[in-house]
Each structure stands twice: as C-alpha cells, then as structure tokens.
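Descriptive analysis of the structure
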Amino acid sequence: MIQAGLGHYAIAIPALLLVLLASAEAIWPRRALVLGRNPRWRTHALFFVSNAVIGRLLSFLVVVGMAANWSDTHKFGVLNLVALPFWVEAAIAFIVLDLAVWLQHFFMHRTPLLWRMHAVHHSDRDLDVTTALRFHPFELIVSTFYKSAIVALLGVPLLVALAFEIWLNANALFNHSNIRVPRKLDRILRLLLVTPDMHLVHHSTLVDEQRHNFGFALTLWDRAFGTYRAESILGAENQKIGLAMIDDGRASGFIWSMKQPLT
C-alpha cells in the first residue's frame, strides 16, 4: 500500500516538471529546432507510453520493489552491515547510484550491442525536454535490471530508492531541455549539476563529443574521469545534434525509431 502510494509521486513530480520545462522552452528557447515539435513530440509521447507500460512500470516494481524486499525486509546489502544514520545511508546511496548510472551510460557508448539500443536516444536531431522520454524499451529493461542489482547489493532503503528514481528523472528532464540558462548561472549550477548546455555537448553529431559529459545528474564523475567538456568545439550555437549518418526526418517517426536497433 505504501509502495503504491509513493509511486504516485514518482509519476506526478516528473510529469509536472515536464509541463513546466516545456512551457519554459517556449518562452526562453536555447536554440531553434531543426525539425520542430511535430511529429517529434508525438513520437516521444508514444515512447513515453510504451516505456510507462514496459520500462518505467518495471523500474518502479523491480528497483523500488528490490529495495522494499531485500533491504527493508531482509536487511540484505552493504549498507545493512553497519548501523548508520538514515541521512548518511541516503547520501551514500545517492552518490553510489549516481556513479552506477554514469558507468552504465559510459558503457552504452562503448559496447556495440548496448550502443545499438542507446543510439535511438541520440538519433533525435533536436534536443528538448521530450528527448528525455526517447529511450528504446530494450534500453529501459537493461537499465532496470542493472539498477536493481546495484540497489540489492548496496541495500538501499525503499524511500531512498524511490527518491533517487525521482531525482534521476527530474535531472534528465532538466538537462535535456532547450532552455536558455544565463551563462553565469550555468557556470554555478554545473559545479554540481549537469546543465542543458553541458549535456548539449554529449548530443553532438561528432563521435568524440558524444563520449564526453555522460552524467545525468552530478558533474562529479565526468570531472573525475576526464570526460568533462565545457562546450562543443563548434560552439553551442553551431553544434549539430543527433547522429552524423541521419540528416533527414526519419528519427521523428515512432515505427522507424523502434526498428532502429535492428537496422
């Protein structure tokens, strides 16, 4: 009952943020869109629906369920070996889970099979808040079981696992958004968090730039592992987004995008 009730927040908070960021994009756009909102938004809405049924529901049931059953009930995992204050456990869990997501993203770009799935996300020729919804269900399933294993091994408490899922989704929506953040504010924010301009570099058509700025939330890991890049070599205004081999509107179609890993 508690788990189901908490799940409403995991859906409501990102949904509200999606609406707010989409509204902000219309008022303070960072870049002019190449293909525009339609049919991209329709395709991304279909991705959201399919992933809500397959991926995000699975994420909630498996990742959060793993925390409830293994950590809270059976006291399994590293964090259950030593008695720590709840806030210390939460801080450790957030940092380790964020690193785990960074590593997952890194290997998505380095492993051919995983890249075929992840390339669906990168094939979008524009970058806005709805791009954060553009993940192939195969990738969501892989990501779910990977995070579940980390949650179980670490012994992440239920509330912390749920909070991290909300935190991760909220940050992904923010840093994919097409919002013009003032440069001074951007510099301050990216001391800790991945900003839209920072993540923009990662969506470059240049392969070398795609292998930088893997963070979804914290900038710590890119700085620590030498994959941080402040800006595209072409500059934020001239940088092209997407995949070099896709220079038309194919990726705006849902069926084509779903088939993309198989082509």
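Only a predicted model underlies this, so the values are computations on that prediction, with no experimental measurement involved.

Attention shifts here to helix 5 (residues 137-154). In an α-helix, one turn spans 3.6 residues; hence positions three or four apart end up facing the same way. In this model, helix 5 (18 residues) spans 26 Å end to end at C-alpha, consistent with the 26 Å of a helix rising 1.5 Å per residue. Of the residues trailing helix 5, G155 is marked for its positive phi of about 75°.

Looking at soluble globular proteins, one finds that nonpolar side chains tend to be buried together. With 24 residues, the main nonpolar core has A93, V156 and F216 as its most contacted residues. For this core, the secondary structure elements donating two or more residues are helix 1 (2-27), helix 3 (86-110), helix 5 and helix 6 (158-176). Considering every element that reaches this core, the biggest residue donor is helix 6, with 6 residues. Setting aside anything within four residues of it in sequence, one finds A93 in contact with L79, L154, V156 and V160. The next biggest cluster of nonpolar side chains, apart from the first, holds 6 residues, and it includes F106, F214, L218 and W221.

Here H118 lies in helix 4 (residues 112-122). Taking the relative accessible area as the measure of exposure, H118 reaches 1% and is therefore buried. Polar contacts involving the side chain of H118 include one to the side chain of H105, which spans 3.2 Å. Here H118 is in contact with H105, M108, H109, F135, E139 and H202, once residues within four sequence places are set aside.

This brings us to the packing of aromatic side chains. Applying the stated criterion to the full structure yields 9 aromatic pairs. When the ring centre of Y228 is taken as origin, the NZ or CZ atom of R223, which lies over that ring, is 4.2 Å away.

Conventions we followed
- Residues numbered from 1 in each chain as written.
- Predicted model: local features only at pLDDT ≥ 70, side-chain atom pairs only at ≥ 80, totals over all residues.
- Heavy atoms only, no water.
- Helix = DSSP H or I, 4+ residues; strand = E, 2+ residues; numbered from the N terminus.
- Expected span 1.5 Å × (residues − 1).
- Core = buried A, V, L, I, M, F, W, Y, C linked by side-chain atoms within 4.5 Å.
- Buried < 20%, exposed > 50% of the residue type's maximum accessible area, 1.4 Å probe, protein only.
- Contact = heavy atoms within 4.5 Å.
- Polar contact = N/O pair within 3.5 Å; in protein donor to acceptor, adjacent residues only side chain to side chain.
- Phe/Tyr/Trp six-rings, centres within 6.5 Å; stacked < 30°, edge-to-face > 60°.
- Lys NZ or Arg CZ within 6 Å of the ring centre and 35° of its normal.

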